[in-house]
Every structure is written in structure tokens, then in C-alpha cells.
Amino acid sequence: MGDTVRPDWSGRLRQVWRLPPRDVSALVVSTPTNIRYLCGFDGSAGVLVCTANSDWLILDGRYARAAERGRERGLIGPVEVLTASGSLDERLADLLSELGASSIGFEAGFVTVATLQNWERRSPNVRFEATTSWIESIRTIKDAIELATIRRSCKLLSDVARNLRQWVINGR
């Protein structure tokens with residue numbers, strides 16, 4: 001469960017499998033915004049793989065140690081951090097092979113054709129299923145942390161609007 005500062009990462013990760021839009025055994029999340037929402041990782045390069053029972057965050061060496069420390073301090077959700085010694089796509093293919101997954105969902109609106117073809121070449125026994133708005137539909141329902149943040153923002157903005165006449169001088 002989250003606290004007043006951090007979201008409930010494990011709850012968000014579980015939410016992924018409440019109503020999956022496709023018959024897939026895993027979801028590859030590659031959009032930084034969705035990765036940050038689900039597990040708190042805020043780097044520019046990474047791939048999150050979610051299954052009904054486990055979650056993996058594949059990162060290159062620049063981020064792996066920081067992510068491990070963040071996970072230990074509760075800043076990153078309960079994911080297993082995997083370091084890619086080569087490319088992220090190569091480590092993703094290795095993980096998918098280890099999972100024995102035959103059907104994998106991916107974020108169709110964000111994965112390039114070249115990336116998808118690379119994944120298909122590296123994982124020939126996997127069927128990649130395009131999904132749209134899977135995580136975005138989860139993000140539309142705000143949790144307690146998000147609601148508290150929105151309320152704080154509204155109060156601050158209201159305070160600014162209330163005091164604007166005092167701060168603005170006519171003609172300047």
C-alpha cells in the first residue's frame with residue numbers, strides 16, 4: 001500500500017491484470033510515462049514486462065543500480081530489476097524465452113515498426129499482440145495520492161488567482 005508520498009506500486013501493477021484487453025500472457029510496457037506510473041522508474045530507457053504473477057524492469061547499466069537502490073527505499077515498485085548487458089531488446093528476448101510466453105501484448109501506439117520487427121526476429125516463437133490504451137485506461141482512475149496532488153494543485157492555483165490583483169500593477 002502507498003503512503004502519503006508514494007503510490008501503491010504493487011496495487012498499480014496488479015491492476016494491469018484485472019481486465020486485460022487481450023488474451024496474452026505478458027505485457028511489454030515501453031512508454032516512459034506508463035513505466036513511471038506503474039512502478040515509479042523515471043529514466044529515459046527501460047522496458048517493463050508484466051505478467052499476472054511477476055514484473056521485471058529491464059534497464060541498461062546506467063540505471064540498474066539506481067533502480068535497485070530506489071526499490072530498496074520504496075521509490076520504485078516491487079519489480080525485479082534486470083540489467084541488459086547488450087541491448088534492451090536482446091535482454092527482453094531472453095526474458096520472453098525464459099517465461100516461455102507464446103503471446104505478448106505491446107503498446108501499439110508507441111512501439112515503432114522497426115522495434116516490433118526486431119522483437120519478432122529475436123523471439124520467433126512469440127506472437128506479439130498490439131494493444132491500445134491498456135495502461136492509459138488504468139491511469140484514468142485516480143488513486144488517493146493522485147487525488148491529493150490534484151487537490152493541492154487546485155488550492156495553490158486558487159491562492160494565486162485570489163491574490164493576483166495584489167500582484168499585478170495596472171500598466172505594467
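Here the structure is shown first, and the text comes after it.
Numbering of residues starts from 1 in each chain and follows the order in which that chain's sequence is written. In keeping with the predicted nature of the model, local features appear solely for residues at pLDDT of at least 70, side-chain atom pairs appear and are counted solely at 80 or more, and the whole-chain, interface and lining totals rest on all residues. Only hydrogens and water are set aside; all other atoms, that is, all heavy atoms of the structure, feed into the side-chain values.

S.K.: Tell me about the overall build of the chain, residues and numbers included.
M.R.: The secondary structure listing takes helices from DSSP runs of H or I that are at least 4 residues long and strands from runs of E that are at least 2 residues long, numbered from the N terminus. Regarding its fold elements, the chain presents 7 helices and 6 strands. The helix and strand sequence of the chain, counted from the amino end, reads α-β-α-β-β-α-β-α-β-α-β-α-α. The C-alpha radius of gyration computed for the chain amounts to 20 Å, which surpasses the reference 16 Å derived for 172 residues by more than 25%, pointing to a less compact arrangement than a globule. Over its C-alpha atoms, taken along the principal directions, the chain stretches across nearly 70 × 35 × 30 Å. Only protein chains enter the accessibility calculation, which uses a 1.4 Å probe. A residue is then buried if its area is under 20% of the maximum for its type, exposed if over 50%, and partly exposed in between. Scored against the burial criterion, the 172 residues of the chain give a buried share of 41%. Whether two residues touch is decided by their heavy atoms; if any such pair falls within 4.5 Å, the residues are in contact. For the chain, long-range pairs separated by at least 24 residues make up 62% of all intrachain contacts whose partners lie at least 6 apart in sequence. In this count, Lys and Arg are taken as positive residues and Asp and Glu as negative ones, while His and the chain termini are left out. Just so you know, the charge point we use is NZ for Lys, CZ for Arg, CG for Asp and CD for Glu. Here the chain contributes 23 positive and 20 negative side-chain charges, whose respective centroids are spaced 10 Å apart. The size measure is the radius of gyration over C-alpha atoms, and the globule rule it meets is 2.2 Å times the number of residues to the 0.38 power.

S.K.: Outline the nonpolar core, listing residues and values.
M.R.: Note on soluble globular proteins: their nonpolar side chains tend to be buried together. Ranked by size, the top nonpolar core spans 45 residues in total, and within it Val16, Phe41, Leu48, Val49, Ile58 and Ile135 carry the most contacts. Ignoring sequence-local partners within four residues, the contact set of valine 49 consists of Ala26, Leu27, Val28, Ser54, Asp55, Trp56, Ile58, Leu92, Leu95 and Leu99. Buried Ala, Val, Leu, Ile, Met, Phe, Trp, Tyr and Cys residues that are joined via side-chain atoms within 4.5 Å together make up what is termed a nonpolar core.

S.K.: Describe the pairing of strand S4 (residues 80-83), with residues and values.
M.R.: Direction of pairing for strand S3 (residues 55-59) relative to S4: parallel, over a ladder of 4 bridges. What sits directly across from tryptophan 56, in S4, is glutamate 80. We treat two strands as partners when DSSP finds at least two bridges between them.

S.K.: Pulling in residues and values, what's your account of helix H5 (residues 113-122)?
M.R.: Helical periodicity: at 3.6 residues per turn, an α-helix aligns residues three or four positions apart in one direction. When H5 is considered as a whole, its buried residues turn out to be Leu116, Asn118 and Trp119. For H5, the arc enclosing every buried residue in end-on projection is 160°, short of the 170-degree limit, so these residues lie on one face. Looking at H5, the residues exposed on the side facing more than 90 degrees away from the buried face are Val113, Ala114 and Arg121. Note that the arc is computed from the directions linking the helix axis to the C-beta atoms.

S.K.: Which residues make up the side chain of arginine 91, and what values go with them?
M.R.: Positionally, arginine 91 belongs in helix H4 (residues 88-99). When neighbours within four sequence positions are excluded, arginine 91 is seen to be in contact with Ile58, Leu82, Thr83, Ala84 and Glu98.

S.K.: Please provide a residue-by-residue account of the pairing of S3, values included.
M.R.: Across the 5 residues that make up S3, a large majority, 5, are buried. Burial along S3 is two-sided: Asp55, Leu57 and Leu59 facing one way and Trp56 and Ile58 facing the other are all buried. Judged from the 4 bridges that link them, strand S2 (residues 47-50) and S3 form a sheet pairing that is antiparallel. By the bridge assignment, valine 47 is partnered in S3 with isoleucine 58. Hairpin connection, S2 to S3: the antiparallel pair is bridged by 4 residues.

S.K.: Hey, could you go over H4 for me, with residue numbers and the actual values?
M.R.: Helices are assigned an expected span. That span is 1.5 Å times one less than the residue count. Over its 12 residues, H4 extends 16 Å from the first C-alpha to the last, a length consistent with the 16 Å expected when each residue adds 1.5 Å. What H4 keeps buried is the set Leu88, Asp89, Arg91, Leu92, Ala93, Leu95 and Leu96. Downstream of H4 by a residue or two, glycine 100 has a phi angle that is positive, lying close to 70°.

S.K.: Let's hear about unusual backbone geometry: which residues, and what values?
M.R.: Glycine aside, residues mostly have negative phi angles, and peptide bonds mostly take the trans form. Positioned with a positive phi, serine 133 is a non-glycine residue whose angle comes to about 60°. Structurally, serine 133 can be placed in the loop between strand S6 (127-131) and helix H6 (134-139).

S.K.: Describe the sheet that holds strand S1 (residues 26-29), naming the residues involved and giving the relevant values.
M.R.: Read across the sheet, 6 strands follow the order S4-S3-S2-S1-S5-S6 without closing on themselves; strand pairing throughout is mixed. What marks the edges here is a single partner per strand, and that holds for S4 and S6. Strand-to-strand, the axes of this sheet are offset by a mean angle of 25°, without reference to chain direction. As paired elements, S1 and S2 share 3 bridges and run antiparallel to each other. Following the sheet pairing, leucine 27 is matched in S2 by cysteine 50. This element, helix H3 (residues 61-72), spans S3 and S4 of the sheet and lies at about 160° to S4. Along the sheet, H5 contacts S1, strand S5 (103-107) and S6; its crossing angle with S6, the most-contacted strand, is approximately 150°. Here an angle of 0 to 180 degrees is reported between the N-to-C directions of two axes, which are lines fitted to C-alpha atoms, with helices fitted over the stretch in contact.

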